[in-house]
Amino acid sequence: MKVLVTGGAGYIGSHTCLALVAKGHEVVVYDNFANSKPEVMDRLEQISGVSISCVKGDVRDKAALNHLFGEHAFDAVIHFAGLKAVGESIEKPLEYYDVNVCGSRTLTEAMLAHNVNCLVFSSSATVYGNPQSVPIREDFPLSATNPYGSSKLMVETILGDVAKARNSLSAVLLRYFNPAGAHESGLIGEDPNGIPNNLMPFIAQVAVGKREKLAIFGDDYATCDGTGVRDYIHVLDLAEGHVAALEKLCNRAGTHIYNLGTGQGYSVLQMLKAFEKACGKTIPYHIQGRRDGDIAECWADTHKAAQDLGWRAERSIEQMTKDVWRWQSANPNGY
């Protein structure tokens, strides 16, 4: 298939490009580099031996998208482009709704105008809000505790409505949990702008000496050690989940919803200890108050993806932390 990957130079997008190329698909990346680097494309070619086309552009730019779809006969779109930090979304809600919701709407309009009928959407477990129990199944009630989660839930609703109205559209909504890890080559990994919003890159930057100590937000949750518990999934497993969903569901009209996680929760302190083992260093940290919008624990029920897609996360947190350390120690300042 010929696949457009929006946000394809980003963290999850870049690893998914590699997974697509490995399965013989042709990839075109569309990215505005707001939270990614153009150097990623050279690294992808270095790893894969394949030159991947890249177009600079914004998913809110209707004219640019229509030109892109006019130039390429795409079979499908995997849509990663968007803003993704819970804390930042609380500070900048309008920006999150503009980029995430309006951008997704504009992209979908361009797809449909050019008869591209398969969209794999990068959603999030934040659409479950504060779940009453874990593990979380796809049929759980939906809500959101922050604008980031609300923006993902809005896009899911839009795509579901469009799939009902246009019975040729396959809308695949992948709700994933907490991506971490890096490619085993150490050539690509997570390289956030500014202060990392996610746990693993923050720990890695402390370990490499770029930051003084890790901030842990809350140690009074009702969890095993008081710190928040999340389902950390290796980014390569996540990438392979996108390819599995694309190949199984591209020609199956309707709305298809799957959790992508491991089915296992780990606390912040457990992840910290695993990283200390991987890098051979003690990571200094301090406890701060809880962040608005955070919840105590969150991990996936993954049976549906295993049954329908034949996909299951295989990589351990030991491999995840080793891969992050290999990436960060080889690239202390990112790309």
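Rules of the game
Position numbers for residues start from 1 in each chain and track the written sequence from start to end. Reporting in this predicted model follows two pLDDT cut-offs: at least 70 for local features of residues, and 80 or more for side-chain atom pairs to be given and counted; totals over whole chains, interfaces and linings ignore these cut-offs and use all residues. The side-chain values count all of the structure's non-hydrogen atoms but skip hydrogen atoms and water molecules. UniProt positions are given in the numbering used here, feature names are shortened, and annotations may be inferred rather than shown by experiment. Geometry is summarised by axes, namely lines fitted to C-alpha atoms with helices restricted to the contacting stretch, and by angles between N-to-C directions that run from 0 to 180 degrees. Each helix is a run of DSSP H or I of at least 4 residues and each strand a run of E of at least 2, with the numbering of both proceeding from the N terminus. Roughly parallel means an angle under 35 degrees; roughly antiparallel, over 145; roughly perpendicular, 65 to 115; everything else is oblique. By convention the crossing between two helices is left-handed if the near helix lies anticlockwise of the far one by an angle smaller than a right angle, and right-handed if it lies clockwise. Whether two residues are in contact is decided by their heavy atoms: any pair within 4.5 Å suffices. Residues are grouped as follows: nonpolar covers Ala, Val, Leu, Ile, Met, Phe, Trp, Tyr, Cys and Pro; charged covers Asp, Glu, Lys and Arg; every other residue, Gly included, is treated as polar. Here the expected length of a helix is defined as 1.5 Å per residue gap, with one fewer gap than residues. With a 1.4 Å probe rolled over the protein chains alone, any residue whose accessible area is under 20% of its type maximum counts as buried; one over 50% counts as exposed, and the rest are partly exposed. Each direction from the helix axis to a C-beta atom contributes to the arc, which is the arc of those directions. Polar contact is the term for a pair of N or O atoms within 3.5 Å; when the atoms are in protein, one must be able to donate a hydrogen and the other to accept it, and sequence-neighboring residues count only if both atoms are side-chain atoms. Stacked, tilted and edge-to-face pairs are distinguished by plane angle, under 30 degrees for stacked and over 60 for edge-to-face with tilted covering the rest, among Phe, Tyr and Trp rings (Trp via its six-membered ring) whose centres lie within 6.5 Å. In short, DSSP must find at least two bridges between two strands for them to pair. Any carboxyl oxygen of Asp or Glu that lies within 4 Å of a side-chain nitrogen of Lys or Arg is treated as forming a salt bridge with it.

The protein chain carries the name UDP-glucose 4-epimerase in an unreviewed UniProt entry, which gives Gilvimarinus gilvus as its organism. Under the UniProt heading Catalytic activity (unreviewed entry), the entry covering the protein chain gives this text: "UDP-alpha-D-glucose = UDP-alpha-D-galactose".

Viewed as axis vectors pointing N to C, helix α7 (residues 199-207) and helix α11 (residues 317-330) meet at an angle of 50 degrees, and their least axial separation amounts to 10 Å. Taken together, the axes of α7 and α11 lie oblique to each other. Viewed along their axes, α7 and α11 form a crossing whose handedness is right-handed. Where α7 abuts α11, its residues Met200, Pro201, Ala204, Gln205 and Ala207 lie against Thr321, Val324, Trp325 and Gln328. Looking at the contact of α7 with α11, its residues break down into six nonpolar, three polar and no charged.

It is worth spelling out helix α1 (residues 11-22) at this point. For α1, spanning 12 residues, the distance from its first C-alpha to its last is 17 Å, which sits close to the expected 16 Å at 1.5 Å a residue. Counting buried residues in α1 gives 11 out of 12 residues, a clear majority hidden from the surface.

Let us look at helix α3 (residues 62-71). Quick reminder: α-helices carry 3.6 residues per turn. Residues three or four places apart thus point the same way. The set of residues buried in α3 consists of Leu65, Leu68 and Phe69. When α3 is viewed along its axis, its buried side chains cluster within an angular range of 95 degrees and face the same direction. Exposed and oriented more than 90 degrees from the buried face of α3 are Ala63, Gly70 and Glu71. On its buried side, α3 packs onto β1 (2-6), β2 (26-31), β3 (53-56), β4 (76-79) and α5 (93-113). Regarding α3, its N-cap is Asp61, as a side-chain oxygen of that residue lies 3.3 Å from the backbone nitrogen of Ala63 further along.

Right, let's talk about the packing of aromatic side chains for a bit. In this description, a pair of aromatic rings is defined by centroid distance and the angle of the planes. This model, assessed by the stated rule, comprises three aromatic pairs. Taking the centre distance of 5.5 Å and the plane angle of 80 degrees together, the rings of Phe69 and Phe74 count as edge-to-face. With respect to burial, Phe69 and Phe74 carry one shared label: buried. Arranged with centres 6.0 Å apart and planes meeting at 85 degrees, the rings of Phe275 and Trp325 form a pair that is edge-to-face.

Our focus in this paragraph is the sheet that holds strand β11 (residues 254-260). With parallel pairing, the seven strands of this open sheet are ordered in space as β3-β2-β1-β4-β5-β6-β11. Of all the strands in the sheet, the pair left with one neighbour each is β3 and β11. Pairwise comparison of adjacent strand axes, ignoring direction, gives a mean angle of 20 degrees for this sheet. Along the sheet, α5 makes contact with β1, β4 and β5 (118-124), crossing β5 at roughly 170 degrees.

Here we take up the pattern of salt bridges. Considering all chains together, one arrives at 15 salt bridges under this definition. For Glu247, the salt bridge identified is with Lys23, shortest N-O distance 2.9 Å. Taken as a pair, Glu247 in helix α8 (residues 235-249) and Lys23 in the loop between α1 and β2 lie far apart in primary sequence, 224 residues in all. Its salt-bridge partner being Glu156, residue Arg175 comes within 2.7 Å of it at the nearest N-O pair. Within this pair, whereas Arg175 is found in strand β6 (residues 170-176), its partner Glu156 is found in helix α6 (residues 147-165), the two being separated by 19 residues in sequence. Counted as one network, the salt bridges with shared partners bring together Asp58, Arg60 and Asp98.

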